[in-house]
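# Structural description and commentary
Here is what each chain is made of, one letter per residue.
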Amino acid sequence: ADPKASSVDIATIQMLAKAQRDNVETIFDRAVSMKPCNIGEQGTCCKICSQGPCRLPLPKKGIEGKDTRKGLCGATPETIAARNFARMVAAGAAAHSDHGRGVAEVFLTAARKGTHDYGIKDEQKLLEIAPDFEVPTTVIVDGPNGEKIEQMRDIYDIAEEVGVKALGQWGQQDGEIYNAKRAPKARYELWRKLDVVPRGIDREIVEIMHRTHMGVDQDYHNIVKQCTRAAIGDGWGGSMIATDLQDIMFGTPYPTQGEINLGVLKQDHVNIIVHGHEPLLSEMIVVASQLPDMVDYAKSKGAHGIVLAGMCCTANEILCRHGLPIAGNYLQQELAIVTGAVDAMVVDVQCIMENIANVADCYHTKIITTNPRAMIESGHTTHIEFDEHNALEDAKKIVKTAIDNFPNRHGEAMIPSAKEKMVVGFSYEAINYHLGGTFRGSYWPLNDNIINGRIRGIGGVVGCNNARSMHDSAHLTVVKELLKNDVIVLTTGCNAMACGKAGLLSPESAKVFCGPGLAEVCETVGIPPVLHMGSCVDNSRILMAATQVVKAGGLGKDISDLPAAGSAPEWMSEKAISIGHYFVVSGVYTVFGVGLPVTGAPRFQKHLFEELEGIYGGMWDMIVDPYEHAQAMIRHIDKKRAALGL
Ligand code: BF8
Ligand code: SF4
């Protein structure tokens, strides 16, 4: 791969060139030598049963007359593509929700005081969410003179009840998940009318797997309907519970400073990278790496200290809560090791490339897997299982293993100098506080700026990197185009990191990149024009922010009325499909880049791209060119402004 054609990020280009000098193969090289299958790309390869794979590519000259393509069983391209799409939703929802389940389990243990390592940090947030789970926060007791007095309940009692009810959301068989009611009233009622409110988080995912088994659901409309249940169960269920309970245990993010890119690694320090997604692990490694005896131990090995940096969404979690540095986003994971400065890369689940084990073989880096769900078959990775009941001790063992590896460096490391400063940590509560001005509890000043036109609309730009797309390039083009047109951007995941590296997460960037209206708002309030809201499960924060905007008034009654649009310019993971779908059915026009495996099934594509708008007010789109991609979002924003009479 040509390094300069692979990324717009200087540190990435430098390390890719070093990898090539060191004869180390990376994903960038394989993306050149191995091309995707055009049938799979169209979504029309079915391998649901062993009579296939049945492959139904679009004919070169397009469909003339009736589309007669069929699999052996008669499955149409629409059925096949819808089934494949549904299975992506299921896997994505499962990944987020299984993360959420783990959080809920630990939360319950903490509420029962069954662990010293986790506790309740943000009581306020617990009190705010308790009513959503129908958990009372006060009790009525008899006063000294027989009168009734309302008293606060013990915070741990409230937490226990919330924990039990939250955990119950996974296995619930009937009724509705609690958080569906958090959506604007009009949205919740629409979901009820359409019969898509999830019954339970796991149930909807399992039902996708059943319906997409050979010979079950053969109507793509009906398959998409089940996708909707499972995706709402992710965004408003599993992911939202994960975010909320993490905030309660580890603190709700508020604006803080941070640094990003491979330049955060230090030559003379033990460098530990935590890579993956679950803050249960990373929060403890943060604690362990700051213990004086660990720092002393590092010094005894000749290091000046310990650098703990994050990668992928774990990075976003520890950045937003502790201001700890980020080494890079998804496509930089191999390249961090190529620096020769990483003494351990500690991984848990999701977005971990198997190839890091091969790359680590060429340097001294120890890959430490920690989660029983995610091991790597390689003679050279170490598995130190992280047990939440023994969290701090396990974390110390992990940190010690990294320190022990410091003396094994192969000579001088090569650390790129690139790093950027940023301001991050805009939970929806923090946005409320910052853009809401003095009177808390209202998004009105934000709405006011949208109504008076200083801010044209809101763009949610999120999602992965993808080796089929120049690293970070589409992310930055989309975001810059939105900013130029006075669209404020909310971000999470690897897009947030791309923006951070490019300086877009600093308040100073407003005057450089924004149109005059947005620049004025950002300068007055002192915020960056791109608000970093956290990791991918924290896309639930964007749903809540959108809901707050609706509730503040003046911009319609539902999320679908807002001048807003969503985007994942470089998506690659199944989680992105689940996220995309819950945004769409929450009423958001959502554009994906790279490609969407639906193009081989024109009627199914039309359903997602056009017909869903008539049902949910939001719809899918796919536009590879990032400039056109942003323009389509802006057109949608203008359409919504016009409908509001703005
Ligand atoms: O959950 S954006 S590449 S790191 S999947 Fe993965 Fe995609 Fe990055 Fe986080 Ni999200
Ligand atoms: Fe082919 Fe039908 Fe089996 Fe799919 S389910 S592999 S289309 S026979």
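Residues numbered from 1 in each chain as written. Chains lettered and ligands numbered in written order. Predicted model: local features only at pLDDT ≥ 70, side-chain atom pairs only at ≥ 80, totals over all residues. Heavy atoms only, no water.

## Description of the site of ligand 2
Close to ligand 2 lie Cys 46, Cys 49, Gln 51, Gly 52, Cys 54, Gly 71, Leu 72, Cys 73, Ala 75, Arg 83 and Met 214. Of the residues contributing to the shell around ligand 2, the split by class is seven nonpolar, three polar and one charged. (Near = heavy atom within 4 Å. Nonpolar A, V, L, I, M, F, W, Y, C, P; charged D, E, K, R; others polar.)

## Remarks on the domain arrangement of the protein chain
Under the domain assignment, the protein chain is made up of domain 1 (3–55), domain 2 (77–250), domain 3 (262–408) and domain 4 (422–643). For domain 1 and domain 4, the distance between their C-alpha centres works out to 27 Å. Each side of the interface is counted separately: domain 1 has 18 residues, and domain 4 has 14 residues. Around 1,000 Å² of area is buried between domain 1 and domain 4 when both sides are counted, 61% of it from carbon and sulfur atoms. Across the domain 1-domain 4 interface, the total number found is zero salt bridges. In this structure, the connection of domain 1 to domain 4 is made through six residue pairs in polar contact (both at pLDDT 80 or more). Where the side of domain 1 that touches domain 4 is concerned, the elements lending two or more residues are α1 (3–6), α3 (27–33) and α4 (38–41). A class-by-class count of the residues in the side of domain 1 that touches domain 4 yields seven nonpolar, seven polar and four charged. (Domains from an automatic or database assignment. Contact = heavy atoms within 4.5 Å. Buried area = accessible area lost by both parts, 1.4 Å probe. Salt bridge = Lys/Arg side-chain N within 4 Å of Asp/Glu carboxyl O. Polar contact = N/O pair within 3.5 Å; in protein donor to acceptor, adjacent residues only side chain to side chain. Helix = DSSP H or I, 4+ residues; strand = E, 2+ residues; numbered from the N terminus.)

## What to know about the site of ligand 1
Around ligand 1 sit His 277, Cys 312, Cys 313, Tyr 330, Cys 351, Gly 463, Cys 464, Cys 494, Cys 536, Met 572, Ser 573 and Lys 575, and that is every residue in its neighbourhood. Between His 277 and ligand 1, the recorded distance is 2.7 Å, taken from a side-chain N or O atom to an oxygen atom. Within the side chain of Lys 575, a nitrogen or oxygen atom sits 2.7 Å from an oxygen atom of ligand 1. Looking at the shell around ligand 1, its residues break down into eight nonpolar, three polar and one charged.

## Considerations on the packing of helix α5 (residues 77–111) against helix α25 (residues 602–616)
Here α5 crosses α25 at 50°, and the two axes come no closer than 7 Å. When the interaxial angle is binned, α5 and α25 end up oblique. The segment α5 lies against α25, with Glu 78, Ala 81, Ala 82 and Phe 85 engaging Pro 602, Arg 603, Phe 604 and Leu 608. When grouped by side-chain class, the residues that make up the contact of α5 with α25 number six nonpolar, no polar and two charged. (Axes fitted to C-alpha atoms, helices over the stretch in contact; angles between N-to-C directions. Parallel < 35°, antiparallel > 145°, perpendicular 65-115°, else oblique.)

## A word on the coordination of the nickel atom of ligand 1
From the protein, the nickel atom of ligand 1 takes a single donor atom, Cys 536 (SG), 2.2 Å away. Its four donor atoms give the nickel atom of ligand 1 angles of 92 to 150° at the centre, a pattern that matches the irregular case. (Donors = N, O, S within 2.8 Å, 3.2 Å for Na, K, Ca; no water. Tetrahedral: all angles 85-135°; square planar, octahedral: opposite > 155°, others 65-115°.)

## Let's talk about the packing of aromatic side chains
Inspection of every chain in the model, using the stated rule, returns nine aromatic pairs. Relative to Trp 236, the ring of Trp 191 has its centre 5.6 Å away and its plane inclined at 75°; by these criteria the two rings are edge-to-face. You can see Trp 191 sitting in helix α8 (residues 185–194) and its partner Trp 236 sitting in helix α10 (residues 220–250), a full 45 residues away along the chain. Take Trp 191: its relative accessible area is 0%, and that puts it in the buried class. Here the aromatic cluster, defined as three or more aromatic residues joined through ring pairs, consists of Phe 85, Tyr 220, Trp 571, Phe 592, Phe 604 and Trp 620. Residue placement shows Lys 113 over the ring face of Tyr 156; its charged tip is 4.5 Å from the ring centre. (Phe/Tyr/Trp six-rings, centres within 6.5 Å; stacked < 30°, edge-to-face > 60°. Buried < 20%, exposed > 50% of the residue type's maximum accessible area, 1.4 Å probe, protein only. Lys NZ or Arg CZ within 6 Å of the ring centre and 35° of its normal.)

## As for the pairing of strand β6 (residues 270–275)
Along β6, six of the six residues are buried, which leaves the element largely enclosed by surrounding structure. Here β6 shows a buried face lined by Val 270, Ile 272 and Val 274 and a second buried face lined by Asn 271, Ile 273 and His 275. Bridge analysis of β6 against strand β7 (residues 306–311) gives six bridges, and the strand direction is parallel. Bridging across to β7, Ile 272 finds its partner in Leu 308. Summarising the sheet, β6 and strand β9 (residues 344–347) pair through four bridges and their orientation is parallel. Bridge pairing in β9 links Val 274 to Val 346. (Pairing = 2+ DSSP bridges.)

## Re α5
An ideal rise of 1.5 Å per residue puts 51 Å on 35 residues; α5 measures up with 50 Å between its terminal C-alpha atoms. With 27 of 35 residues buried, α5 is to be regarded as a mostly interior element. Backbone geometry just downstream of α5 places Lys 113 in the positive-phi region, at approximately 55°. (Expected span 1.5 Å × (residues − 1).)

## With respect to the layout of surface pockets
Its volume calculated, the largest pocket comes out at about 1,000 Å³. Lining the largest pocket are 35 residues; nearest its centre among them are Gly 40, Glu 41, Trp 571, Met 572 and Pro 597. Breaking the lining of the largest pocket down by element, the ones donating at least two residues are α3, α4 and α5. Counted by class, the lining of the largest pocket contains 17 nonpolar, twelve polar and six charged residues. Within this model, the second largest pocket holds a volume of roughly 510 Å³. Lining the second largest pocket are 21 residues, with Glu 128, Ile 129, Tyr 428, Met 544 and Gln 548 positioned closest to its centre. Broken down by secondary-structure element, the contributors of at least two residues to the lining of the second largest pocket are α6 (123–129), α17 (428–435) and α23 (539–552). (1 Å grid on protein atoms, 1.4 Å probe; cavity = no way out; pocket = protein on both sides within 12 Å on 5 of 7 lines; lining within 4 Å. Points joined across faces, edges and corners; volume = space filled by probe spheres on them.)

## Remarks on the pairing of strand β14 (residues 487–491)
With respect to burial, β14 is a largely interior element, five of its five residues being buried. Residues Val 487, Val 489 and Thr 491 line one face of β14 and the alternating positions Ile 488 and Leu 490 line the opposite face, and both faces are buried. Bridge count for β14 against strand β15 (residues 530–532) is three bridges, and the pairing is parallel. Looking at β15, one finds that Leu 490 is bridged to Leu 531.

## So, the pattern of salt bridges
For the structure on display, the rule yields 39 salt bridges. A cluster of three or more residues bridged by salt bridges with shared partners is formed by Lys 125, Asp 132, Arg 182, Asp 244, Asp 247, Glu 317, Arg 321, Glu 429, Asp 538 and Arg 541.

## Some details on the nonpolar core
Generally speaking, soluble globular proteins have nonpolar side chains that are buried together. Ranked by size, the top nonpolar core spans 202 residues in total, and within it Phe 85, Tyr 118, Val 162, Leu 245, Met 345, Phe 604 and Trp 620 carry the most contacts. Those residues in contact with Phe 604, other than ones at most four positions away along the chain, are Glu 78, Ala 81, Ala 82, Phe 85, Tyr 220, Val 224 and Val 598. Grouped together as the second largest cluster of nonpolar side chains are five residues, Ile 48, Leu 56, Ala 75 and Ile 80 included. (Core = buried A, V, L, I, M, F, W, Y, C linked by side-chain atoms within 4.5 Å.)

## Points about the environment of Glu 385
Structurally, the position occupied by Glu 385 is in the loop between β11 (381–383) and α16 (391–405). Given a relative accessible area of 40%, Glu 385 falls into the partly exposed group. Distance in space between the C-alpha atoms of Glu 385 and Pro 372 is 6.7 Å, their sequence separation being 13 residues. Within the structure, the side chain of Glu 385 is placed 2.9 Å from the side chain of His 383, a separation counted as a polar contact.

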